[in-house]
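A structural walkthrough
Next come the chains, spelled out residue by residue.
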Amino acid sequence: MKRVVVLAVAASSLLAACATETVPACRAPQAHEMAAFAAIISHNETNVSQSLAPNALRNAFIRRDPLVRAWVWGAPGETNGTLVGMLSQPPLCIIDDPRVAATETVRQVLVYPQANFSRVAPPAATPLADAPPPYGTAMRDFLSCRFEQTADGWKLADMCGYRMPGSGGLTGL
């Protein structure tokens, strides 16, 4: 009887250990994510506008708003803290953002250059409850990008943290 109890306790301990969620692993960008990121990296304005969800931000991008362009591409010779600067450091490490529940119409992802993720993330065996993402500093170590389902598929909705003036300013979430 004692042996059965010991085995039962050991089995339940193993099950509990397996059920503990740990720091998320990176995944590669999905096709719609990579399409948006590639358009930004290549400075292809047509593809960027096609990868954006129809909203005021897309309209501002199409109008060549200087604040939006500075957020995306920075200034000549200076891309630190910009989308192109972050996205131009492959390979990219994507994590589904646990702070925003994914739905059929909205997905929030954290985008890290792999080297940044390796530098700032806790060890893989760390329980997620002890170290929830994001790791590091927004726009230095990672981007937070929201994608929305539209009639034309998944589109980038927020230019990875850009906030239109009057709606809370620029943030990286």
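See the structure above.
Scope of this entry: the structure provided in the associated data block. This one's a predicted model, so the numbers in the text were calculated from it and none came from an experiment. (Residues numbered from 1 in each chain as written. Predicted model: local features only at pLDDT ≥ 70, side-chain atom pairs only at ≥ 80, totals over all residues. Heavy atoms only, no water.)

Let's talk about the sheet that holds strand β4 (residues 153-156)
Convention followed: Here the rule is simple: two strands pair whenever DSSP picks up at least two bridges between them. Counting from the N terminus, the helices are DSSP H or I runs at least four residues long and the strands are E runs at least two residues long. The axes are straight lines fitted to the C-alpha atoms, using for helices just the contacting stretch, and the angles between their N-to-C directions are given from 0 to 180°. The criterion used for residue contact is that any of the two residues' heavy atoms lie within 4.5 Å.
Taken in spatial order, the four strands of this open sheet run β1-β2-β3-β4, and their pairing is antiparallel. Both outer strands of the open sheet, β1 (92-96) and β4, are each paired with one neighbouring strand and no more. The sheet shows a mean angle of 35° between the axes of neighbouring strands, taken without regard to direction. Each of β1, β2 (106-113), β3 (143-150) and β4 is contacted by helix α2 (residues 31-41), which is oriented at about 120° to β3, the strand it contacts most.

What about the pairing of β4?
The pairing of β3 with β4 spans four bridges and is classified as antiparallel. The partner of Phe147 across the bridge, within β4, is Leu156. Where β3 folds back onto β4 in an antiparallel hairpin, the turn is made up of two residues.

Focus on the state of the cysteines
Condition: Our working definition of a disulfide is a cysteine sulfur pair at a distance within 2.5 Å.
Summed over the entire model, instances satisfying the criterion amount to two disulfides. Through a disulfide, Cys26 is tied to Cys93; the S-S separation comes to 1.9 Å. Residues Cys26 and Cys93 share a disulfide whose torsion about the S-S bond is about -80°; that sign makes it left-handed. Pair noted here: Cys26 is in the loop between α1 (2-19) and α2 and Cys93 is in strand β1, with a separation of 67 residues, a long-range link. Linked covalently through their sulfurs, Cys145 and Cys160 form a disulfide whose S-S length is 2.0 Å. The sign of the 105° torsion about the S-S bond sets the Cys145-Cys160 disulfide as right-handed. Note that Cys145 is positioned in strand β3 and Cys160 in the segment after β4, a separation of 15 residues in sequence.

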